[in-house]
Amino acid sequence: MCRIGEFGVDQTRFMARRLFDRCVAELFPRVREVRLNGLGEATLVPFFDHCVDRVSDAGLRGELITNLTCGEATMRRLVSARFVVLISWDAATPALFERLRRPATWAEQRMRLETLSALAAGHGTADHLHLLFTLQRANVGELPGLVKLAADVGVPSVLVNVVKLQDERWVERAQPEIARAVDLARELAQTLGVALTLPDHIGGLSLCGPYVLPTSARGCDRPRKEVVVRWNGEITVCNMFNPYAYGHLERHGFERSWNGSLAAAFRRLVDGPDQHPYCDGCYYVHGVYEREGPPR
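Cut-off values and rules
- One numbering rule holds for all chains: residues counted from 1, following each sequence as written.
- pLDDT decides what is reported in this predicted model: residues at 70 or higher carry local features, side-chain atom pairs at 80 or more are listed and counted, and totals for whole chains, interfaces and linings draw on all residues regardless.
- Side-chain figures throughout are based on the complete set of non-hydrogen atoms in the structure, without hydrogens or water.
- Secondary structure elements follow DSSP: runs of H or I of four or more residues count as helices, runs of E of two or more count as strands, with numbering from the N terminus.
- Partly exposed describes any residue whose relative accessible area lies between the buried limit of under 20% and the exposed limit of over 50%, with all areas from a 1.4 Å probe on protein chains only and scaled to the type maximum.
- In this analysis, two residues are considered to be in contact whenever any of their non-hydrogen atoms come within 4.5 Å of each other.
- Every angle, taken between N-to-C directions, lies between 0 and 180 degrees, and every axis is a line fitted to C-alpha atoms, over only the stretch in contact when it is a helix.
- Any angle between 65 and 115 degrees counts as roughly perpendicular, while under 35 counts as roughly parallel, over 145 as roughly antiparallel, and the rest as oblique.
- For any pair of crossing helices, the crossing counts as left-handed if the nearer helix is rotated counterclockwise from the farther one by less than a right angle, and right-handed if it is rotated clockwise.
- One requirement defines pairing of two strands: DSSP has to find at least two bridges between them.
- Any residue that is not Ala, Val, Leu, Ile, Met, Phe, Trp, Tyr, Cys, Pro, Asp, Glu, Lys or Arg is counted as polar, Gly included; the first ten are nonpolar and the last four charged.

Participant: Describe the side chain of Ser257, naming the residues involved and giving the relevant values.
Facilitator: Position of Ser257 among the secondary structure elements: in helix 10 (residues 254-258). Classification of Ser257 as buried rests on a relative accessible area of 2%. Apart from residues lying up to four places away in sequence, Ser257 is in contact with Ile235, Tyr246, Gly247, His248, His252 and Ala263.

Participant: If you had to explain the packing of helix 6 (residues 143-153) against helix 8 (residues 175-192) to someone new, which residues and values would you point to?
Facilitator: Contact pair helix 6 / helix 8: the axes reach a minimum separation of 8 Å and the direction vectors enclose 15°. Judged on the interaxial angle alone, helix 8 and helix 6 are roughly parallel. Of the two elements, helix 6 crosses helix 8, and the hand of that crossing is right-handed. Contacts between helix 6 and helix 8 involve Leu143, Pro144, Val147, Lys148 and Ala151 from the first element and Ala181, Val182, Leu184, Ala185, Leu188, Ala189 and Leu192 from the second.

Participant: Run through unusual backbone geometry, naming residues and quoting values.
Facilitator: Here Arg102 and Pro103 are connected by a cis peptide whose omega angle stands at 0°. With respect to the element layout, Pro103 can be found in the loop between helix 4 (94-100) and helix 5 (106-123). Phi is positive for Leu68, which is not a glycine, with a value near 65°. Relative to the helices and strands, Leu68 is located in the loop between strand 2 (61-66) and helix 3 (72-80). For Leu68, a relative accessible area of 1% puts it in the buried group.

Participant: Can you break down the sheet that holds strand 3 (residues 84-88) residue by residue, with the values?
Facilitator: Strand order across the open sheet formed by 7 strands is 1-2-3-4-5-6-9, with parallel pairing between neighbours. Two strands bound the open sheet, and with one partner strand each, they are strand 1 (33-35) and strand 9 (212-213). Contacts from helix 5 reach strand 3 and strand 4 (129-135) within the one sheet, and its direction differs from that of strand 4 by about 145°.

Participant: Can you break down the packing of helix 1 (residues 17-27) against helix 2 (residues 48-57) residue by residue, with the values?
Facilitator: At a minimum axis distance of 11 Å, the contact between helix 1 and helix 2 shows a crossing angle of 5°. Relative to helix 2, the element helix 1 lies roughly parallel. Where helix 1 abuts helix 2, its residues Arg17, Phe20, Asp21 and Val24 lie against His50, Cys51 and Arg54. Residues of the contact of helix 1 with helix 2, tallied by class, amount to 3 nonpolar, 1 polar and 3 charged.

In structure tokens:
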């Protein structure tokens, strides 16, 4: 239900259960948080319940990005395990939503969203839910409507990401419209009591003031604090799908990969002029969960 989804579900790119269990054995004793997602929909993995249970059993903070095509039983399991759930939702206009999130239907997805919100509210974890809005050429004016949708369905937070493309000129062309949408979304968030999180820049447009948090474009600590194990065992540097891989869990092992020369080189260069080109202008937002009280 995004650009990846146009190619259908490729089950050969599901992580093998034995590889996941190796991650559990080697990595879970060392970490505080586990995010179960990749470029596709993680809830489609046949042993997804097993994954949630292993995170919960280890006492770790669980997180998931989902397009919410899962059933109510999966929602209940996520809520019971106190997962942070980021729901990808790229439009507040039904027709545009269905075009961007093909082959979804607005009515079905909104019903699922309301179900998840009600389950989380009943469990006392409504603050674990976020609508994740990815700004792109087609939805520049949709952010205010998304803030209103969040308030209507009882989701207390909207996080804003920006699509990563090789050609960023669309941002410059749409800059006045983006600025208007951001200003209106801020006003609505303040009025409706929604926690809106904005990156400190959108292309060349700098943002400051209420609801803005710093991004990795201004300095990145992710390669020193997190690790991503891809479906095939490759180890890479961050959750923003940077293509740079510096090891393989099964071929090299975690210690050798994490402490190896390729990882060290990336960390040394990440905040300098010789950084990996994928890092340029990164939109990863720091401090979403550390924030206490309303944004100032």
